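# Overview (structure and organization)
Read off the chains here:
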Amino acid sequence: MELIAITVPYFYPAEATDITHALDNGRFNRVHIRKPDGTEADMRRLLEEIPARLRSRLSLHDFHNLAAEHGIGGIHLNSRNPVAPTDWRGLTSRSIHKVEEIGGITEDYAFLSPIFPSISKPGYHADFNLAELSTRLTPRIYALGGVSRTRLPLLEKAGFAGAAMLGAAWNREIDPKSFRLQFITHGASAVEVTDGAVKAVEGGCRWVQVRMKDAPIHEVEEAVRELAPLRISHGVTLLVDDHVELAARLSCLDGVHIGKNDMPVQEARKLLGPGKILGATANTFSDLKAAVAAGADYVGLGPFRFTTTKKNLSPVLGTEGYARILRECLDEGLAAPVVAIGGITDGDIPGIMQTGVQGIAVSGSILRAADPAHETEKIIRIIENTNILT
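Residues numbered from 1 in each chain as written. Predicted model: local features only at pLDDT ≥ 70, side-chain atom pairs only at ≥ 80, totals over all residues. Heavy atoms only, no water.

## Section: the nonpolar core
Val210, Val240, Leu288 and Ile360 are the most contacted members of the largest nonpolar core, which totals 64 residues. For this core, the element with the most residues is helix 8 (residues 190-202), which contributes five residues. Discounting chain neighbours no more than four positions away, the residues touching Val240 are Gln209, Val210, Val220, Val224, Leu246, Ala247, Leu253, Gly255, Val256 and His257. (Core = buried A, V, L, I, M, F, W, Y, C linked by side-chain atoms within 4.5 Å. Buried < 20%, exposed > 50% of the residue type's maximum accessible area, 1.4 Å probe, protein only. Helix = DSSP H or I, 4+ residues; strand = E, 2+ residues; numbered from the N terminus. Contact = heavy atoms within 4.5 Å.)

Structure representation (structure tokens):
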């Protein structure tokens, strides 16, 4: 089954590298470059950074005039560019949204969408029945909307010629087992931070967020580099708090977590790109919804109770607050993972997990323990037992 990747709508620093890897490693047959708000200069710069040998496997949604100039193999027609250039000889494609439009396709292929609820556009729901579609499809129709690799067998069985992915093509998947317990470092020096993180990892934690609010950037980077080998030796997901530029620059970082008063989520996502994890802090359902819409992969919801590790706290939530907000998420179909944070102890975990959150973030409860590794093991057992019971 032929697979096509569609780029995110914004430009980001490592995009040419990501596109090159997507084509070179065989994950995708083509890449559609869609930048509705971009400039021609930005598009030209991106195309020139992609190896010439791969450009025949690209299709442009905008700035069709650059296609022939750069040896691009395809163009996609849309409301911004409804007609192909008169001298165009490459592939053409377009999007359709109704079964009745299938018979009118004269282009080489078309995207029919949304087949499933969209991954990258929350609230963009599917209106098609695969069983009914299977009697109407032609070899020119590709599925779009909510497409993931686990759904490909369903699409192939229905008779689609291929499928196109947007969010699933580039987004970093979050491992639920790692996400269930997140250790947030505490301390101002690299030595202090790494010592606590290593003990948590020894106890089984596989998600570490380096948080050093008042430390100079070189100290933060030193701590990150000291902890980076744990990604290979123990499968740790390593994030940094607040420092988006550092997360974008260092390949040894899996992502970044930003607070409500840090860089805006949308701005952080554009700098970071889609391939690294972006977490955001929320205190209300409105905060959570806005963060996900702006590009957050997960949300740190809190605080659960008052904690001395953070300044200027938002109102505490308690289990009632978590339950209320998670119900609102279900009602609106928001599926982004939520981690509870803020003064949580092991005795709080069963009640919090039963509200529907997917993870628990801790700092002081591990660091203050006589044996931090043993305390981490105990917390993981509580989470596992709670998941079994629920």
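What follows picks up the thread again.
## Some thoughts on the sheet that holds strand 7 (residues 141-144)
Taken in spatial order, the eight strands of this closed barrel run 1-2-3-4-5-6-7-8, and their pairing is parallel. The average angle at which neighbouring strand axes cross in this sheet is 25°, direction not considered. Sheet topology places strand 6 (residues 109-112) next to strand 7; three bridges connect them, and they run parallel. When the bridges of strand 7 are listed, Ala110 appears paired with Ile141. In this fold helix 1 (residues 15-24) packs onto strand 2 (30-33) and strand 3 (58-60), with an angle of close to 155° to the strand it touches most, strand 2. (Pairing = 2+ DSSP bridges. Axes fitted to C-alpha atoms, helices over the stretch in contact; angles between N-to-C directions.)

## Quick word on the pairing of strand 16 (residues 359-362)
The two faces of strand 16 match: Gly359 and Ala361 on one face and Ile360 and Val362 on the other face are all buried. Strand direction decides the pairing type here: strand 9 (residues 181-184) and strand 16, joined by three bridges, are parallel. Across the sheet, residue Leu181 finds its bridge partner in strand 16, namely Ile360. Taken together, the two bridges between strand 15 (residues 338-340) and strand 16 define a ladder with parallel strand orientation. The residue bridging Val339 from the neighbouring strand is Gly359, located in strand 16.

## Let's talk about the packing of aromatic side chains
Enumeration according to the criterion identifies eight aromatic pairs in this entry. Between the aromatic rings of Phe304 and Tyr322, the centroid separation amounts to 6.2 Å while the plane-to-plane angle is 20°, which identifies the pairing as stacked. Separated by 18 residues along the polypeptide, Phe304 in the loop between strand 14 (298-301) and helix 14 (318-332) and Tyr322 in helix 14 bring together distant segments of the chain. Members of the aromatic cluster, joined through ring pairs, are Tyr109, Phe111 and Tyr142. (Phe/Tyr/Trp six-rings, centres within 6.5 Å; stacked < 30°, edge-to-face > 60°.)

## Quick word on the environment of Gly318
Structurally, Gly318 is set in helix 14. The spatial distance from the C-alpha of Gly318 to the C-alpha of Gly351 is 9.6 Å, given a sequence separation of 33 residues.

## Digging into the packing of helix 8 against helix 9 (residues 217-227)
Closest axis-to-axis distance for the helix 8/helix 9 pair is 9 Å, and the angle between their directions is 30°. In terms of orientation, helix 8 lies roughly parallel with respect to helix 9. Once helix 8 is placed against helix 9, the crossing between them reads as right-handed. Contact with helix 8, carried on its side by Ala190, Val193, Thr194, Ala197 and Val198, involves Glu219, Glu222, Ala223, Glu226 and Leu227 of helix 9 and no other residues of that element. Here the contact of helix 8 with helix 9 is built from residues that sort into six nonpolar, one polar and three charged. (Parallel < 35°, antiparallel > 145°, perpendicular 65-115°, else oblique. Left-handed = near helix turned anticlockwise from the far one by under 90°. Nonpolar A, V, L, I, M, F, W, Y, C, P; charged D, E, K, R; others polar.)

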